[in-house]
Amino acid sequence: MKILVACEYSGAVREAFRKLGHNAMSCDFLPADDESKHHYQGDMFDLFPNGENVNQFDMVIAFPPCTYLCSSGLHWNKRQPERAVKTEQALQFVEAIMNLPVERIAIENPVGCISTRIRKYDQMVQPYEYGDDASKRTCLWLKGLPKLQPNPSDYVSPRMVDGKPRWANQTDSGQNRLGPSDTRWKERSKTYPGIAKAMAEAWGKDSVDANAFLITK
Ligand SMILES: C[S@@+](CC[C@H](N)C(=O)[O-])C[C@H]1O[C@@H](n2cnc3c(N)ncnc32)[C@H](O)[C@@H]1O
């Protein structure tokens with residue numbers, strides 16, 4: 001299948017699909033971390049000129065920025081009212097992805113206002129259900145795609161701290177271990193490899209198509 005992994009610089013999901021023989025490419029304003037030639041650096045909507053699916057993508061999987069959408073970010077909107085405009089723009093961006101003329105669409109984001117303002121997520125997943133020692137509640141909005149199916153043997157057990165479950169990315173009090181830095185957001189937003197693999201396995205079962213992409217600007 002021809003698959004666009006939008007808002008992805010890490011290549012995690014692109015490569016999980018390519019390993020299964022799919023013609024997957026990623027797209028982000030940032031360059032690809034792995035310098036892959038299967039990456040378009042720019043706006044994902046450049047690949048849909050006049051809103052049309054000229055590249056004939058069979059599937060779009062998108063990881064839109066969550067800064068102004070997720071619950072932890074929305075918390076700041078009360079103190080910084082100017083953020084509200086950015087939340088509205090971020091919601092419009094998500095809706096534009098949902099409305100792309102593509103048969104199969106998946107959108108990933110943390111818990112936040114997409115569910116209350118657009119529609120409720122279809123599935124919530126955790127990296128520890130898919131083989132990674134990490135906790136991060138992740139929501140999926142699906143069109144034409146099945147839910148991910150965790151394999152019980154991939155479950156990563158937590159350590160227990162005062163009766164509370166904690167995974168390797170969490171401190172004993174439950175905070176994320178990554179300290180403040182310029183690259184913190186980037187490290188935190190990378191898709192976990194187990195979830196990337198589960199997406200490819202669940203959604204990449206259909207026909208495999210090795211045709212080259214036509215990227216039209
Ligand atoms: C939360 S990060 C997702 C990272 C992803 N999970 C990964 O593993 O690479 C969101 C990304 O969306 C990108 N982005 C935002 N608007 C975009 C657009 N219109 N077209 C392409 N990428 C966009 C940002 O540059 C940012 O890297």
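Details of the structure are given in the entry above.
This text gives an overview of the structure that appears in the document. Please read these numbers as outputs of a predicted model, since none were measured by experiment. (Residues numbered from 1 in each chain as written. Predicted model: local features only at pLDDT ≥ 70, side-chain atom pairs only at ≥ 80, totals over all residues. Heavy atoms only, no water.)

With that out of the way, let us pick up the overall build of the protein. Along the backbone of the protein there are six helices and nine strands. For 217 residues, the compact-globule estimate of 2.2 N^0.38 gives 17 Å, and the C-alpha radius of gyration of the protein, at 18 Å, lies within 12% of that figure. Principal-axis analysis of the C-alpha atoms places the extent of the protein at approximately 55 × 45 × 30 Å. Every one of the 217 residues in the protein was classed for burial, and the buried ones make up 44%. Counted over contacts in the protein with a minimum sequence separation of 6, partners at least 24 positions apart contribute 59%. Working note: accessible area of the protein is about 11600 Å², and carbon and sulfur atoms make up 51% of it. Charge-centre separation for the protein: the mean point of 28 positive side chains lies 5 Å from the mean point of 27 negative side chains. (Helix = DSSP H or I, 4+ residues; strand = E, 2+ residues; numbered from the N terminus. Rg over C-alpha atoms; globule rule 2.2 N^0.38 Å. Buried < 20%, exposed > 50% of the residue type's maximum accessible area, 1.4 Å probe, protein only. Contact = heavy atoms within 4.5 Å. Areas by Shrake-Rupley, 256 points an atom, 1.4 Å probe, with all protein chains shown as cover. Lys, Arg positive; Asp, Glu negative; His and termini not counted. Charge placed at Lys NZ, Arg CZ, Asp CG, Glu CD.)

A few words now on the nonpolar core. Leu4, Phe17, Ile61, Leu148, Met199 and Trp203 are the most contacted members of the largest nonpolar core, which totals 50 residues. Elements represented by at least two residues in this core include exactly strand 1 (2-6), helix 1 (12-19), strand 2 (23-28), strand 4 (59-62), helix 3 (83-98), strand 5 (104-110), strand 7 (138-143) and helix 6 (193-203). Among the elements that take part in this core, helix 6 stands out by supplying seven residues, more than any other. (Core = buried A, V, L, I, M, F, W, Y, C linked by side-chain atoms within 4.5 Å.)

We now examine the site of the ligand. Contacts to the ligand come from 17 residues, most closely from Tyr9, Ser10, Asp28, Met44 and Ser189. Contact between the ligand and Ser10: an oxygen atom at 2.6 Å from a side-chain N or O atom of the residue. One of the backbone N or O atoms of Ser189 is found 2.8 Å from a nitrogen atom in the ligand. Of all the cavities here, the one that holds the ligand is the largest pocket. Of the residues in the shell around the ligand, the class split is nine nonpolar, four polar and four charged. (Near = heavy atom within 4 Å. Polar contact = N/O pair within 3.5 Å; in protein donor to acceptor, adjacent residues only side chain to side chain. 1 Å grid on protein atoms, 1.4 Å probe; cavity = no way out; pocket = protein on both sides within 12 Å on 5 of 7 lines; lining within 4 Å. Sits in = over half its atoms within 2 Å of the grid points. Nonpolar A, V, L, I, M, F, W, Y, C, P; charged D, E, K, R; others polar.)

Let us now look at the side chain of Ser26. Within the secondary structure layout, Ser26 lies in strand 2. If sequence neighbours within four positions are ignored, Ser26 has contacts with Leu4, Val5, Glu8, Arg14, His38, His39 and Tyr40.

Another aspect to go through is the sheet that holds strand 6 (residues 123-125). In space, the seven strands of this open sheet follow the order 3-2-1-4-5-7-6, with mixed pairing throughout. Two strands close off the open sheet at either side, each with one partner strand: strand 3 (39-41) and strand 6. Shown here is a sheet whose adjacent strand axes are inclined to one another by a mean of 20 degrees, direction ignored. Where strand 1 meets strand 4, four bridges bridge the pair, whose relative direction is parallel. Paired with Leu4 across the bridge in strand 4 is Val60. (Pairing = 2+ DSSP bridges. Axes fitted to C-alpha atoms, helices over the stretch in contact; angles between N-to-C directions.)

Shape descriptors only; they carry no functional weight alone.
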